[in-house]
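# Coordinates in review
Below, each chain spelled out in residue letters.
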Amino acid sequence: MFKIKKKAEKPKPTVLYNIVEDYSEFDAPGNVTVCAMTLTEDLTAHAKILAESYDVPLDLMTTLLAEGGVYIYPQVSGVLTRGLFACLVDETGGSPKQTFVLDLMQFAEAEQAVRARGLSLIDAALDVFQRTLPDQLKAKLRQKNLGLDYRTLDRAVAKGGEIKYIDFRKDWSPHFKRLCIMPDGRLVETGGLQEFARLHGITMSQAKQLIEQGGTLDVQDEVLACQIVNGQPAVARFSAANYAKAKNLVAGKGLHLMDALSEVGYNDPAMMRGLARKTLSGRS
């Protein structure tokens, strides 16, 4: 007899979050994406993804997620360029684990609160972080399980019970798809820098700089343009013809290249169809 071999099942992708609420349209530093999980935490996977996202050593991230605490980013050439990463763990289990980051200004404010009010750094960091959040989110955080009505939740989400942890994220992560408007008006999703770089045929370092700092990047005869809106990257790729039109506007009207590209894009029917679809879908 011949044995029929069963195809090996593909490993299921890691699910870190089953509740996601987007508050990224609010002014920085209160612009966040609330990512929560009702199922049991996969600590190994959780630590790996957050370590990669926030440039924290994996062993330290694992310890932080298990025990709570803060990681202060090291100085670069004697200068602090980033604030801190924090993980708040309620040892009583009364509230979900929370992770968040503070920028440099927030970090300085937290350190001042430590000195002036005698708070621990983690408590000061949480106070500073939460004060910047949108009022709607502040109200939800005062309620159990973000005030969610479990009767209306998807069954797969609700069966996990209470929220186990919340990550307040701001990064360009493989777990969050971002849209790029292409020259023909298509909206192409990418998740993470590697996928974004592969789509446009650029290096990881070029992708990282463009997404973090904004600006333009020549790609063959075309150009990638990225604007940082409320701390979030908005990306469009322009054809060679539209790039040439934008350059002519720069030369003729003295416009900044980004403004010239915007004007050209708004006058391009194909790209405007893409923008209209993005607006109607409400996606960021």
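Just above sits the structure.
Residues numbered from 1 in each chain as written. Predicted model: local features only at pLDDT ≥ 70, side-chain atom pairs only at ≥ 80, totals over all residues. Heavy atoms only, no water.

## Digging into the overall build of the chain
Assigned secondary structure in the chain consists of 11 helices and 11 strands. Counting the 284 residues in the chain, one finds 39% classified as buried. Sequence separation of 24 or more characterises 46% of the internal contacts of the chain that already satisfy a separation of 6 or more. For the chain, the exposed surface amounts to about 16500 Å²; the carbon and sulfur share of it is 53%. (Helix = DSSP H or I, 4+ residues; strand = E, 2+ residues; numbered from the N terminus. Buried < 20%, exposed > 50% of the residue type's maximum accessible area, 1.4 Å probe, protein only. Contact = heavy atoms within 4.5 Å. Areas by Shrake-Rupley, 256 points an atom, 1.4 Å probe, with all protein chains shown as cover.)

## Structural notes on the nonpolar core
In terms of nonpolar packing, the biggest core is built from 26 residues, with Val 32, Val 34, Phe 100 and Phe 168 touching the most fellow members. Elements with a minimum of two residues in this core: strand 1 (19–23), strand 2 (32–37), strand 4 (84–88), strand 5 (97–102), helix 3 (104–117), helix 4 (121–131) and strand 6 (165–169). If you tally residues by element for this core, the top one is helix 4, at 6 residues. Other than its neighbours up to four places away in sequence, Phe 168 contacts Val 32, Thr 33, Val 34, Tyr 54, Gln 98, Thr 99, Phe 100, Phe 129, Leu 137 and Leu 141. Within the second largest apolar cluster, 20 residues are counted, among which are Ala 47, Leu 50, Cys 87 and Val 101. (Core = buried A, V, L, I, M, F, W, Y, C linked by side-chain atoms within 4.5 Å.)

## Side note on the packing of aromatic side chains
Using the criterion set out here, one finds 5 aromatic pairs in the structure. Geometrically, the ring pair formed by Tyr 54 and Phe 85 is tilted, given 5.5 Å between the ring centres and 40° between the ring planes. Note that Tyr 54 is positioned in helix 1 (residues 43–54) and Phe 85 in strand 4, a separation of 31 residues in sequence. Of the two residues, Tyr 54 and Phe 85, neither departs from the other in class, the shared state being buried. We note Arg 82 situated over the ring of Tyr 73; from NZ or CZ to the ring centre the distance is 4.0 Å. Positioned above the aromatic ring of Tyr 243, the side-chain terminus of Lys 247 is 4.1 Å from the ring centre. (Phe/Tyr/Trp six-rings, centres within 6.5 Å; stacked < 30°, edge-to-face > 60°. Lys NZ or Arg CZ within 6 Å of the ring centre and 35° of its normal.)

## What about the pattern of salt bridges?
This structure, assessed with the given rule, holds 13 salt bridges. Salt-bridge contacts for Glu 41 lead to Lys 97; the nearest nitrogen and oxygen are separated by 2.7 Å. Note that Glu 41 is positioned in the loop between strand 2 and helix 1 and Lys 97 in strand 5, a separation of 56 residues in sequence. Taking the relative accessible area as the measure of exposure, Glu 41 reaches 23% and is therefore partly exposed. Close ionic contact of Arg 82 with Asp 55 constitutes a salt bridge, the shortest N to O distance being 3.4 Å. Of this pair, Arg 82 sits in the loop between strand 3 (69–72) and strand 4 while Asp 55 is found in the loop between helix 1 and helix 2 (58–67), placing the two residues 27 residues apart along the sequence. (Salt bridge = Lys/Arg side-chain N within 4 Å of Asp/Glu carboxyl O.)

## Some words on the packing of helix 3 against helix 4
At a minimum axis distance of 8 Å, the contact between helix 3 and helix 4 shows a crossing angle of 130°. Considered as vectors, helix 3 and helix 4 are oriented oblique to each other. Considering the relative orientation of helix 3 and helix 4, their crossing is right-handed. Contacts between helix 3 and helix 4 involve Gln 106, Glu 109, Ala 110, Ala 113, Val 114 and Arg 117 from the first element and Leu 121, Ala 124, Ala 125, Asp 127, Val 128, Phe 129 and Arg 131 from the second. (Axes fitted to C-alpha atoms, helices over the stretch in contact; angles between N-to-C directions. Parallel < 35°, antiparallel > 145°, perpendicular 65-115°, else oblique. Left-handed = near helix turned anticlockwise from the far one by under 90°.)

## Quick look at the pairing of strand 4
In terms of burial, strand 4 is largely enclosed, as 5 of its 5 residues are buried. With burial as the criterion, each face of strand 4 is covered, one bearing Leu 84, Ala 86 and Leu 88 and the other bearing Phe 85 and Cys 87. By the bridge criterion, 4 bridges tie strand 3 to strand 4 in an arrangement that is antiparallel. Looking at the pairing, Ile 72 lines up with Leu 84 of strand 4. Alignment of strand 4 against strand 5, held across 5 bridges, turns out to be antiparallel. Of the residues in strand 5, the one forming a bridge with Cys 87 is Thr 99. (Pairing = 2+ DSSP bridges.)

## Side note on the sheet that holds strand 2
If you trace the 6 strands from one edge of the open sheet to the other, you get 1-2-6-5-4-3, paired in mixed fashion. With partners counted over all chains shown, the strands left at the sheet margins are strand 1 and strand 3, one partner each. Shown here is a sheet whose adjacent strand axes are inclined to one another by a mean of 15°, direction ignored. Relative to strand 6, helix 1 is tilted by about 15°, and along the sheet it contacts strand 4, strand 5 and strand 6. Helix 4 contacts strand 2, strand 3, strand 4, strand 5 and strand 6 of the sheet and is inclined by roughly 75° relative to strand 5.

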